[in-house]
Amino acid sequence: MNDRKTMRKTDMYNPGKWKAAASCLFAVYMLIMTAACGNPLAEKPAGRDAGEFMTVHIRKAESAERTAVPGTLPDTGWFRVYICAENDAGTVYAQTETEADNETASVALSLSRLPASGNMVVRAEGFDSDDEPTRVLLYEGEGTAFTVASVPASVHITLVPVEGAGTIELEVHFPQFSGGDIIESVKVNIFTEYSNIAAGTPYATEVFEGTSIETHGGSRCITFELPDVPAGQRYLTLAFVRADGKTVYYTEKSVIVQNENTTNRWLVDGKPEEYLSLEEADFISSNTRLAGISLVPAGETGSVITDFDSDTETYLIIGSGTTDKHFGLSLTLMTEGQSFVASLNGHLIQYFNSVSPYEIYTLDTDDSPLLEKNKSNSLVITVTAPDGVTRKTYTITYLLPDTGSSVQTVYYVSEDGTETGTGDAPDTALNSVQLALNTIRNTNYNNQWPGYGTDNVSPAVILVSGKIEYTSISGINGAVGVNGMVDITGTNANDLYATYPPIILMGAGTGDNAGILDAEGGSGSERRVLYMENADVTLADNLTLTGGYGGTLNNTKYGGGVHVNGGTFTMSGGTISDNLTGDSGGGVYVTGSGSFIMSGGNIVSNTAISGGAVYITTASEFEFSGGIITRNTATSGAVYIYTGQVISLCRSGRLPQALLIMKPRTAAACISAAEAIRTAGLSP
């Protein structure tokens, strides 16, 4: 024992042995550092010492509400953070590992071993545990490259799922509707990129129908399973389809797929749920809005609709040119399951059913019909919602006056206008429709008006903005008519265009730019809004005729709103409302072989003894193909046909069958009218 102690003591003070031992310890230290850092120790750069550190903040990518996520993630995770060469993750200069109790963490990395040159990056990795032999890499991310001369004090890194593949097992519940199981099938698509949704190129598709749609606890449910989905943020779409093929609900969801993991939970209100539960209200889709309309006439470089709003239904465009024009039309539907029908001047252009959201329909210029010169062209687009019931109609009125003529064909009338205005622009507007008519008639009409004497007479368009009241203009010479607030009297029953060209009355726009002609009639002030004789007059969008009072005087008691004495009165839009007469035709009265063609607009809340809305006399004609006639009051019929001729009562409008009266009541006439209404599906 003493010898061993003595020997050890002696050896401790032996210089040769001490040097050998020191060399061995240094060699062991070098091996440990090399193994830990993955590369030989770099030369310590100038200006960096052992006390310098970089702060690294890391977090996982945030998940949106109702996002599908893996359901087997542990409550805690493990992060590895390190600085390495930009193009060589194996050349590590500093590293640390830390436990993560939530989605974020902050760590400090020593800068004492950075190289004197070369680009570096900070990388971070997220694992499911700290058990290095078995742990699975789930997330990764890196910061911006830097050099030793530009080392940042702190770095923020967002971790995203690593490349690889995972499995999707997702469950969706939806209701059994009170009216029965209206859902026939459910189509599920998985997309690897969001842009692929619009492109219609899914990674995988499955359709559930019949017995593949199960019932549990009063709900119907589907379970979508798909292995080997590329890891990352993916996208799932669900389309619920009725038996008639209509998509009644469509939705898009984000799906987080992790390498070697299963996505089987939904984040709802920040909490993981086993299934996504949809409510019955989700399926009552009445979305009729378009996301965009582009109309490009031939020769134009861009859309003439520059202020499109999905809630604005009417647009007025005043074009220019000397010939008819083709046009390009582009419509962007807002949701899957919408459909539309488009027509120009009553002729079908195209119909289209969408199969994906934001789908674009395009009609090329060469394939389009013509926008006609010297005409108010009406482009009507009716959008039907996925529910197959709700509809919205967008109307684009495109006026194409012949700009090769020196005669003014468009006139502006405004409540802020004056009797001395020229009416050629909004800021020079007239204050009376009658003054505009007088100007048209006095322009040596039969010699100068474009198209006069041909079958293509250019119409005169009168655009009304604001409320024009009778009492505010009645003191102005020529500002009101003789037989009505507006009087359009032609002199030749055999030539409707002998005195006036076709007249189009319409509002200058919607909202504050809409027009109102108010006759302000009443007891002792008996006057109607519009009188026309031997003329061609159209009431179009955004103009209301109101305040007519016919009373019982012979010259006013027929037609409180409009009196048609020969000629053709067309109602394609606008409103005739709150007019009254003590005899016939509260809204419209037609006599003298006149013709009333109603294809749109509203005749509402008018009052008369006979024909609260419309009265048609001997030898006159009524053609109804669209619009609404409702809430009119009369002792004998809202629509009264007195030995007149009904050309047609056809689809796309609403006419009160119970209030239609025809005289004489021949069996053929009554059956014909009733059958026409019944066939069209018009409601009382």
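Residues numbered from 1 in each chain as written. Predicted model: local features only at pLDDT ≥ 70, side-chain atom pairs only at ≥ 80, totals over all residues. Heavy atoms only, no water.

A. Layout of the packing of aromatic side chains. Following the criterion strictly, the structure yields 12 aromatic pairs and no others. Note on Phe-174 and Phe-240: the rings are 5.1 Å apart at their centroids and 70° apart in plane angle, and the pair reads as edge-to-face. Placement of the pair is Phe-174 in strand E9 (residues 165-175) and Phe-240 in strand E14 (residues 232-242), with a sequence separation of 66 residues. Residue class for Phe-240 comes out buried when judged on its relative accessible area of 0%. Ring plane angle 70° and centroid distance 5.4 Å describe the contact between Tyr-194 and Tyr-235, whose orientation is recorded as edge-to-face. (Phe/Tyr/Trp six-rings, centres within 6.5 Å; stacked < 30°, edge-to-face > 60°. Helix = DSSP H or I, 4+ residues; strand = E, 2+ residues; numbered from the N terminus. Buried < 20%, exposed > 50% of the residue type's maximum accessible area, 1.4 Å probe, protein only.)

B. Structural view of the environment of Gly-51. Relative to the assigned elements, Gly-51 resides in the loop between helix H2 (15-37) and strand E1 (53-60). With 61 residues separating them in the primary sequence, Gly-51 and Ser-112 have C-alpha atoms 7.5 Å apart.

C. Inspection of the sheet that holds strand E22 (residues 339-344) at higher detail. The five strands are arranged E20-E26-E25-E22-E23 in an open sheet whose pairing can be described as mixed. Of all strands in the sheet, those bounded by a partner on one side alone are strand E20 (314-318) and strand E23 (347-353). Here the average twist between neighbouring strands, direction ignored, is 15°. For E22 and E23, the ladder comprises six bridges, and the chain directions are antiparallel. Bridge assignment links Val-341 to a residue of E23, and that residue is Tyr-351. (Pairing = 2+ DSSP bridges. Axes fitted to C-alpha atoms, helices over the stretch in contact; angles between N-to-C directions.)

D. Structural context of a nonpolar patch on the surface. On the surface, a cluster of nonpolar side chains totalling about 330 Å² of accessible area is made up of Val-341, Leu-348 and Tyr-351. Mapped onto the fold, Tyr-351 is located in strand E23. With a relative accessible area of 55%, Tyr-351 lands in the exposed category. (Patch = residues over 30% accessible without salt bridge, like charges linked within 9 Å, V, L, I, M, F, W, Y side chains within 5 Å. Areas by Shrake-Rupley, 256 points an atom, 1.4 Å probe, with all protein chains shown as cover. Salt bridge = Lys/Arg side-chain N within 4 Å of Asp/Glu carboxyl O.)

E. Focus on the nonpolar core. If you look at the biggest cluster of nonpolar residues, it comprises 54 residues, and the most contacted ones within it are Ile-462, Ile-488, Ile-503, Phe-569 and Phe-596. Other than its neighbours up to four places away in sequence, Ile-488 contacts Leu-437, Tyr-500, Ile-503, Leu-530, Tyr-531, Met-532, Glu-533, Ala-535 and Val-537. (Core = buried A, V, L, I, M, F, W, Y, C linked by side-chain atoms within 4.5 Å. Contact = heavy atoms within 4.5 Å.)

F. Quick look at the pattern of salt bridges. This model, assessed by the stated rule, comprises 10 salt bridges. Measuring nitrogen to oxygen at the nearest pair gives 3.4 Å for the salt bridge that ties Glu-140 to Arg-123. Here Glu-140 is found in strand E7 (residues 137-142), whereas its partner Arg-123 is found in strand E6 (residues 120-127), with 17 residues between them in sequence. Since its relative accessible area comes to 23%, Glu-140 is described here as partly exposed. Put simply, Glu-300 and Lys-325 hold a salt bridge, and the shortest N to O gap is 4.0 Å. Of this pair, Glu-300 sits in the loop between strand E19 (290-297) and E20 while Lys-325 sits in the loop between E20 and strand E21 (327-333), and the two are 25 residues apart along the sequence. On the accessibility criterion, Glu-300 (36% relative accessible area) is partly exposed. Residue Lys-325 is classed as buried on the basis of its relative accessible area, which comes to 12%. Among the charged side chains, a salt-bridge network with shared partners connects Arg-123, Glu-140 and Glu-142.

G. A look at the side chain of Thr-538. Tracing the backbone through its elements, the reader meets Thr-538 in strand E32 (residues 530-539). Of the residues examined, Thr-538 reaches a relative accessible area of 16% and is grouped as buried. Sequence-distant contacts of Thr-538, defined by excluding residues within four places in its chain, comprise Ile-503, Ile-504, Leu-505, Thr-570 and Ser-572.

H. Region of interest: the pairing of strand E3 (residues 77-85). Among the nine residues that make up E3, nine are buried, leaving the element largely enclosed by the rest of the structure. Taken together, the nine bridges between E3 and strand E4 (residues 88-100) define a ladder with antiparallel strand orientation. If you follow Gly-77 over to E4, its bridge partner there is Ala-100.

Honestly, it's all geometry; don't read function into it.
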